[in-house]
Structure formats: structure tokens, C-alpha cells
Amino acid sequence: MKTFKIKRNPDLKVASSIVPILDSDFCYIPIYPNYEVQVKENQTVFKSQCIMLENNQEITSPISGIVRGVKEVNTIDGVYPALVIENDFKEKEINNKGINKNFSTYKFKDLESLFKKYYVPVLDELLEPVTFNKDIDILIINTIDDEPYVANNNILIMNKLEDLLETIDVLSIILNVKETYITVNAVETDLIDSLMKIIGTYPNIKLKLIDNFYPLNLTEKFKKNSNLKIINIVTLNAIDYVLKKEKNISEKLITITGEYASKKEVLLVKLGTDLSNIIKEYLPKEKKEKIQVIVNGLMTGKELINLNLIVTPNLKSIHIIEEIELIQKSCINCGACVRVCPVKNNPKFVKDYPQDKMSINHREKCITCNSCSYVCPANINFKEIMEKERNNENK
Amino acid sequence: MKTNKVFFHSNNTIESINKRYILVFLPLILFGFYKNGYIVYSKGYTNIFGLFKPLLIPIIGFVIGYLVTFILNKIKFKKSENILNNYIVPIQTMIIGMLMPIRINIFIFIIVLLILTIIYLLIFQNKKYSINFIAFSTLIIILISMLVLNVKEINLLYLNAYESAVKLDHSIYRLFFGFNNSGISVTNVILVLIAYGCMNFCLSYKKEIPIYLLFGFLIVFGINLILGANFSEILRKIVNSSFIFIITFVATDQKSSPYNNLGMIFYSVLIIIFMTIVGQINFELSLLIAILLVSIITPLLVKIFKKTKFITK
């Protein structure tokens, strides 16, 4: 897979501490099509109480409070009905077991039964739950954020290094892993220093430095044809919750940055929080004319039109930036798009001959990393072209 | 939520590509000024106009490309744009200026280039395919100059006043460092190689084409050697022409060369075949003619064989 260096503005680097904003009045938990609601209107719910089931896996309440009904909300995946829970700010739990000290003695079947019970999505990426296989050749715990200026993974590992290393160690034993690696961006010297001091305590875990290129392709950096499992550190944190506390994680890390963001930080917010008030706080103090709010990264993200966005497990960042007007010019036939495509597609060909068989094949192969639009000197929006053709195909 | 917009863009813009070309050509143009202007003037073989002629011709080439694009856009498309930010034509016309022989008549150069640039823009500006404008214009201007100046041998057109008056040392070492007979600003092989090295960092430069061409030509020259050709004669032929510059900056012309790997290999092979054939008649212009012919026939081949995925242009 071809990768390339992306220009990074050092001014957009986020602060190294996590800022908790956990006092939202209401929580909105989206009810996706296959979710079964388990609570009724005006019912009191506790924190970590099951409120919905997805494939018999529990989706729990991130707060304690009263169910106020159902309301349509904006999520990153579109508009969905959501269960509205009014926060009583008591954080009451039914069975607060505390930290399970025996988690290090778990066997694979214990892990399987826990993850059959709790719905733990692949955080920052998908709404689909994490799955485990036994006898893995290589377990990769990734601390690198693929999108430029997103720092959830990096800040989390800096703040919870010892706890998470312990969990990685236990997990590698449970899954009977041959080799365990923790991948770190080679430019993150502070993290490398911290890891070097402590990693000797865990002889099973090896450190692997990865160059700062886009898109992040970890599988290529390891032995070919081996049975690999890659887990991002934010997802590992959710796994850590289930293993140690036997409950679902109720918070989510979100990077907020951009040249127009008043502060550049990583926030810890409750799942289901309405972000509108938080975003407003981070908008620039002086009025700016052309502001864009982008969610989930500048390379692959979406522009937010309505600020009322609900925090879901696959939401990872908010960028407040100056609106850039890229005027599309006629193609100069330079082939930069072909040169950077990580899956060896030919974006210009897809643009020129959308109905050709090869174009259809390339559209299927496309990983929507948007590298082609990023490098095109004629500002051709391949993202739009691909999306338009995909929509036509679906019709 | 809008999904189809681009929020982040690299520094790889048409303007940055154009600026990079200007920057890498600057040492070549200055060397051309030294070799064809300063030395000739200091030896007393030319006047003050002759001193600055090697500088003026590439600059005039650039200005013609710039002005024609600007004016045509204003008249035809009713839009006034930042030309360097949108078009590569000024760089193409600058390269034509750099390839010109020193004895070129400046008025012929201006008039013919002006007409050709207008025709090129009117025909090919928004087309997917284009002929190699640099090769085409250079050939036309040189042929018209030969006719007007009544020069029968092309080599005589490339000699400056000093070179034609005295017998100079033509050792390969001297030729390699630019003291050979070729276009005004394209003689110094070392500077061309440095320029190629700098362009390698540009994503929009087709760096593979010169490699394929050089590799292909090495095979052809190797076969020639086996068949009994003289090694130093072959080397002298390569260095004593704009060969290296043409494969580096004319064959890689953005608009007329393929951009995918298979296409580039196919394009290079065709150029080598054509050059080998045309080279039997005229070596100096054979590479330009080969590039021009290939740029004309590849779209036709694409149409005939419908192998667009193979030879994308």
C-alpha cells in the first residue's frame, strides 16, 4: 500500500491532558434499526443499566436519570430516533462491583461470555462490536491516529499508560498471542520515552515505531500471511472497562481542534451528549465569516451543518476551520492521484470513464481515504465524483 | 451533513508546480547566458543585444505563454484568472525558448510561437488529449528558421558566433559540463540532472518516464555497440545534444504523456522505436520527432484498441 507524508501545522496540536465535560442535562441514545428498547417512558434508569439490546448484547445507560421518551436526533450517520434520558447527576449504579482484581485469571471462554453480554463497538471507527479469536499470531495495539490532528489514541495512552499496558498483557495471555506489539508514531518522542521506562515490566509486549505517513497501514509493517488482530487504544480502553469493571464504557474521547478553535483539546464526554453547546464554547470569540465545522477528520470527514450532533461511539473529532474554496480546474494529466492511491486505483480513469468495468472495480476497491483529492493540483474533487457514481449504482 | 467536500489540501498546486519548474530552470538559463552570451560578448564576437539574447528568449517564451493564455481567457471564456495558478502553458513556452538554437531569429521565434500557442490553446485547452506542444512548436520554429536563414545543416544553427569562429576543444568532459552545441539553455547535463533530482520531490512530475527512456536507450546503444559502433561516438552524440534535457522535460510534458505506469512504459518503448528509425536520418531532431509522433498516435491507439486502462492519457 502506498503512503505519503501529510503537511501538519504544529499550531493545531492539542493539549496533552484530557478535559472532562460530563455534566450534560440530557443523554440521547440513538435507536438504530436492529436495537430493541428495554425501558419505558418516565422509568428511572441507573448508570450502566441495560436500556437497549443489539443482537442480545447490552447497550447500557451512560448516566442515571429518568427516561423522557424518544426524540429524533442528528448523528454522524444521519437522523435517528433516540432515547432521551434526563440526567439526575447522581451517577447511581445498581451493582457497582468496583475493580475486578481477578480479571488477570480470565480464560478465553470468560472473555467470550463477557463480550457476548456487553456491546463494545470499535470506537472511533464503527458501530460494529469488537470480536475476538483465539490463537492469534500477532496482536497489534495501535496508539496512532490515522487522521491528521486527531489525537484520541495518543492522549489516552499518555494518560492511562500503566493501566492499559496491564490490560494488553492480560489480553495477550487470554488470546494466546504469539507476539504483541504496541505501535507508536515515531515522532511522538514523549510517549516513546514514557513507554521505554515501563515496557520492560511487560516482556511480552514489544514496541514498534511507525513513520508518520497517511493512510496508516499497519498490516504491511508486520509479517505477511500472519493472523493479525489490530485494536486501537481507545477500543482497548473500552475492553479494559468490561474486563476490570464488568460494564460498558460510558464516555468517549473527542479531539477538538482547528485554526479557528478557541482551544485545542481532547474532551471526555458522555456518550449521547448533545454537542451543540460544547461546540459553541470552542467557536472563536471574534466573529469570523467563513467557518466550517468538520467531524471525524479533515481527510475523510463530513461538514456539520447543524451543530446539534449527538456523541456516538464512531465520532472522534471536531475541526473548526476556515472554509476553503477550492476552485476546480481542468485536469493537467499529471497522475498525482494515481501515484498516491494506496490501493493502486486510477482515480482519473474513474473520473473520465465512470461506466467502464475497471472504474466500477476501482470504486469497489476504494477505501475512501481521499488521498487523490488531497494531492490533486487541479483541485478535482474525486470524493464527490466517487460518491455520485456510487449513488447512481445503488439506484 | 455534507460529505462530498474537500476540507484539506496539499501544497501540490499548479502554481507550486510552475514555480518549481521556474526554480529548477533558473540555473540552466543562467548557464545558457554564460555560455552563449557572456563568453561570446567577452571575446568580442557579439554586441550587447547578443549578450542578453540567451536570457531573453526563454523569458519571451514564458511571457508569450502567459499573455496568450490570459488574453484568450479574457476574450473567449470571459474570465480573468491567475494564469500561473491555473495553467502550465507559460512553462511549456519557456521550455520551447530554452530549446531554441542561439542563432534563432528573435522575430521568427516570437511570431511563430505566438501563432502556435493561440492554435494550441484554441484546440486543446479543455481536451482530454493533446499533442506534445513543446516538441511540435520547437520543430516548427527550427524548420522555419532553417528555411528563412537558409541554413542547410541544423548543427550550424546551434553554434554561437564564438563557437563558429574558433576551433574549440570538444572533449567529452567539456561537452558533459555544457560546452556543446545544442539549445540555448539545455546544454549542461549536470544541471539538467540536478533539475531532475529536484523535480523528483514533486508529486506531479512523471519521474518514471526519463528512467524508462534512459534504460531503453541504453539497451539500444548497447546493441549498437555489439554491432560495431564506436562507444565514444555514441556518448558524444548523447551529450552533444539536448538529449538528456528532452527526455527529462519534454517527454514528461504533463498534458501529452501518460500518467499510469503501464502507459508510461508503452510510451517510452514507442519513443525509442520511433527515435531509432528517425535517428537514421537526423539524430539531432529525432527525439523531438519521436515524442511528437507518439503523442499523436497514442490517443489513436487508445481509440482503436479501446485499451484505455492500458494506455491512459
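That block above? That's the structure.
Calculation rules
- Along each chain, residue indices are assigned from 1 in the same order as the chain's sequence is written.
- Lettering for chains starts from A, numbering for ligands starts from 1, and both go in the order in which the items are written.
- With the structure being a predicted model, the display of local features is reserved for residues of pLDDT at least 70 and the display and counting of side-chain atom pairs for 80 or more, all residues being used for whole-chain, interface and lining totals.
- Side-chain metrics rest on all non-hydrogen atoms present in the structure, leaving aside hydrogens and water.
- Here a strand is any run of E in DSSP of at least two residues, a helix any run of H or I of at least four, and the numbering for each starts at the N terminus.
- C-alpha atoms define the radius of gyration, and 2.2 Å times the number of residues to the power 0.38 defines the globule rule.
- Throughout this description, buried means an accessible area under 20% of the type-specific maximum (1.4 Å probe, protein chains only), exposed means over 50%, and partly exposed covers the range between.
- The criterion used for residue contact is that any of the two residues' heavy atoms lie within 4.5 Å.
- Each accessible area value is a Shrake-Rupley result obtained with a 1.4 Å probe; residue values ignore everything except the protein chains displayed when judging cover.
- Positive residues here are Lys and Arg, negative ones are Asp and Glu, while His and the chain termini are left out of the count.
- By convention, the charge on Lys lies at NZ, on Arg at CZ, on Asp at CG and on Glu at CD.
- Buried area is calculated as the accessible area (1.4 Å probe) missing from two parts once they are joined, with the contributions of both summed.
- One speaks of a salt bridge when a side-chain nitrogen belonging to Lys or Arg is within 4 Å of a carboxyl oxygen belonging to Asp or Glu.
- Here a polar contact is taken to be a pair of N or O atoms separated by no more than 3.5 Å, where protein atoms must pair a possible hydrogen donor with a possible acceptor and residues adjacent in sequence count only if both atoms sit in side chains.
- A fitted line through C-alpha atoms represents every axis, and for helices the fit uses only the stretch in contact; the resulting angles, taken between N-to-C directions, go from 0 to 180 degrees.
- Asp, Glu, Lys and Arg are counted as charged, while Ala, Val, Leu, Ile, Met, Phe, Trp, Tyr, Cys and Pro are counted as nonpolar; the rest, among them Gly, fall into the polar class.
- Each angle is binned into one of four classes, with values under 35 degrees roughly parallel, values over 145 roughly antiparallel, values of 65 to 115 roughly perpendicular, and all other values oblique.
- Note on convention: near helix rotated counterclockwise from far helix by under a right angle means a left-handed crossing. Clockwise means right-handed.
- Strand pairing is assigned whenever DSSP identifies at least 2 bridges connecting the two strands.
- Here a helix's expected span is defined as the number of its residues, less one, multiplied by 1.5 Å.
- Here a cavity denotes a set of grid points, spaced 1 Å apart and computed over the protein atoms alone, in which a 1.4 Å probe fits but from which it cannot get out, and a pocket denotes an open set meeting protein on both sides within 12 Å along at least five of seven lines; residues with an atom within 4 Å of a point are reported as lining.
- Grid points are joined across faces, edges and corners, and a volume is the space filled by probe spheres set on the points.

**Student:** Now, about the overall build of chain A: what can you tell me, with residues and values included?
**Tutor:** When helices and strands are tallied, chain A shows 11 helices and 17 strands. Relative to the compact-globule value of 21 Å for 395 residues, chain A shows a C-alpha radius of gyration of 22 Å, a close match. Within chain A, the proportion of its 395 residues that are buried is 57%. In chain A, the proportion of contacts linking residues at least 24 apart, taken out of those at least 6 apart, comes to 70%. Entry remark: accessible area of chain A is about 18,000 Å², with carbon and sulfur atoms responsible for 48%. When the 53 positive and 53 negative side-chain charges of chain A are each reduced to one mean point, those points stand 3 Å apart.

**Student:** I'd like a rundown of the environment of Ile144 of chain B, residues and numbers included.
**Tutor:** Residue and element names in this part refer to chain B. Structurally, the position occupied by Ile144 is in helix 6 (residues 133-149). Taking C-alpha positions, Ile144 is 7.9 Å from Ile108, a pair spaced 36 residues apart along the chain. Residues within four places of Ile144 in sequence aside, it is in contact with Ile108 and Val112.

**Student:** Describe the interface of chain A and chain B, and please don't skip the residues or the numbers.
**Tutor:** Facing the 50 residues of chain A at the interface are 37 residues of chain B. Taken together, the two surfaces of chain A and chain B that pack against each other cover about 3,900 Å², and 57% of this comes from carbon and sulfur. Looking at the side of chain A facing chain B, the largest losses of area belong to Ile332, Asn333 and Arg339 of chain A, adding up to 18% of the total buried there. At the boundary of chain A and chain B, one finds one salt bridge. Of the charged contacts, one joins Arg339 of chain A and Glu208 of chain B as a salt bridge, the two residues approaching to 3.3 Å between their closest N and O atoms. Linking chain A with chain B are 16 residue pairs in polar contact (both at pLDDT 80 or more). Of all the elements in the fold, those that place two or more residues in the side of chain A that touches chain B are strand 15 (291-295), strand 16 (302-303), helix 7 (336-340), helix 8 (347-352), helix 10 (371-375) and helix 11 (382-394) of chain A. Broken down by element, the residue count for the side of chain A that touches chain B peaks at four residues, all from helix 7 of chain A.

**Student:** Quick one: what's the story with the packing of helix 11 (residues 208-226) of chain B against helix 13 (residues 243-250) of chain B, residue by residue and with numbers?
**Tutor:** Residues and elements named next belong to chain B. Between helix 11 and helix 13, the shortest axis-to-axis distance is 9 Å and the interhelical angle comes to 140°. Residues Pro210, Leu213, Leu214 and Phe217 of helix 11 lie in contact with helix 13, whose contacting residues are Phe243, Ile247 and Thr248. Here the contact of helix 11 with helix 13 is built from residues that sort into six nonpolar, one polar and no charged.

**Student:** I'd like a rundown of the packing of helix 11 of chain B against helix 12 (residues 231-239) of chain B, residues and numbers included.
**Tutor:** Two packed helices can be described by the angle between their axes and the distance between those axes. All names here are of chain B. At a minimum axis separation of 10 Å, helix 11 and helix 12 run at an interaxial angle of 150°. With respect to their mutual orientation, helix 11 and helix 12 come out roughly antiparallel. The handedness of the crossing between helix 11 and helix 12 comes out as right-handed. Side by side, helix 11 and helix 12 meet where Phe221, Asn224 and Leu225 of the first sit next to Phe231, Ile234 and Ile238 of the second. Tallied by class, residues from the contact of helix 11 with helix 12 come to five nonpolar, one polar and no charged.

**Student:** Talk me through the pairing of strand 8 (residues 78-87) of chain A; I want residue IDs and the actual numbers.
**Tutor:** Residues and elements named next belong to chain A. Sheet topology note: the strand 2 (residues 26-30)/strand 8 ladder contains five bridges and is antiparallel. Each bridged residue has a counterpart across the sheet, and for Tyr28 the counterpart in strand 8 is Val84. Counting the residues in the hairpin turn of strand 7 (residues 65-75) and strand 8 gives two residues.

**Student:** Pulling in residues and values, what's your account of the pattern of salt bridges?
**Tutor:** All names here are of chain A. Inspection of every chain in the model, using the stated rule, returns 15 salt bridges over all chains. Of the charged contacts in the structure, one is a salt bridge between Glu179 and Lys206, with a shortest N-O distance of 3.3 Å. One end of the pair, Glu179, is in strand 10 (residues 179-185); the other, Lys206, is in strand 11 (residues 205-210), with 27 residues separating them in the sequence. When the shortest N-O distance is used, the salt bridge between Lys348 and Asp352 registers 2.8 Å. Here Lys348 pairs with Asp352, and both are found in helix 8, just four residues apart, close to one helical turn. Looking at Asp352, the relative accessible area reads 12%, which means it is buried.

**Student:** Lay out helix 6 of chain B in plain terms, naming residues and giving numbers.
**Tutor:** Residue and element names in this part refer to chain B. Relative to the 24 Å expected for 17 residues at 1.5 Å per residue, helix 6 spans 24 Å between its end C-alpha atoms, a close match to the ideal helical length. Taken together, the buried positions of helix 6 are occupied by Phe133, Ile134, Ala135, Ser137, Thr138, Leu139, Ile141, Ile142, Ser145 and Met146. For helix 6, the side-chain oxygen to backbone nitrogen distance between the N-cap and Ile134 is 3.2 Å, and the N-cap itself is Asn132. After helix 6 finishes, the residue Asn150 shows a positive phi value of roughly 55°.

**Student:** Before we move on, can you summarise the sheet that holds strand 12 (residues 228-232) of chain A with the specific residues and values?
**Tutor:** Note: strands within a sheet are paired through backbone hydrogen bonds, in either parallel or antiparallel orientation. Residue and element names in this part refer to chain A. Within the open sheet, the four strands sit side by side as 11-10-9-12. Their pairing is parallel. Each edge of the sheet is formed by a strand with only one pairing partner; in this case those strands are strand 11 and strand 12. Each neighbouring strand pair of the sheet contributes to a mean axis angle of 25°, computed without reference to strand direction. Sheet topology note: the strand 10/strand 11 ladder contains six bridges and is parallel. Of the residues in strand 11, the one forming a bridge with Thr183 is Lys208. The strands touched by helix 4 (residues 189-198) are strand 10 and strand 11; relative to strand 10, the strand with the most contacts, the crossing angle is about 150°. Against the sheet, helix 5 (residues 233-245) touches strand 9 (138-142) and strand 12, its axis set at about 85° to strand 12.

**Student:** Tell me about empty space enclosed by the protein, and name the residues and values.
**Tutor:** One pass over the full model with this rule turns up nine cavities of 30 Å³ or more. Put simply, the largest cavity is a space of about 260 Å³. Residue lining of the largest cavity: 20 residues in total, with Ile29, Ile59, Tyr119, Leu271 and Pro313 of chain A positioned closest to the centre. Contributions of two or more residues to the lining of the largest cavity are made by strand 2 and strand 6 (57-60) of chain A. A breakdown of the residues in the lining of the largest cavity according to their chemical character gives 14 nonpolar, six polar and no charged. Estimated volume of the second largest cavity: approximately 140 Å³. Taken together, 13 residues form the lining of the second largest cavity, with Tyr87, Ile88, Val89, Gln125 and Lys255 of chain B sitting closest to its centre. Elements that contribute at least two residues to the lining of the second largest cavity include exactly helix 4 (89-99) and helix 5 (106-124) of chain B. Here the element with the most residues in the lining of the second largest cavity is helix 5 of chain B; it accounts for three residues. Partitioned by chemical class, the residues of the lining of the second largest cavity number eight nonpolar, four polar and one charged.

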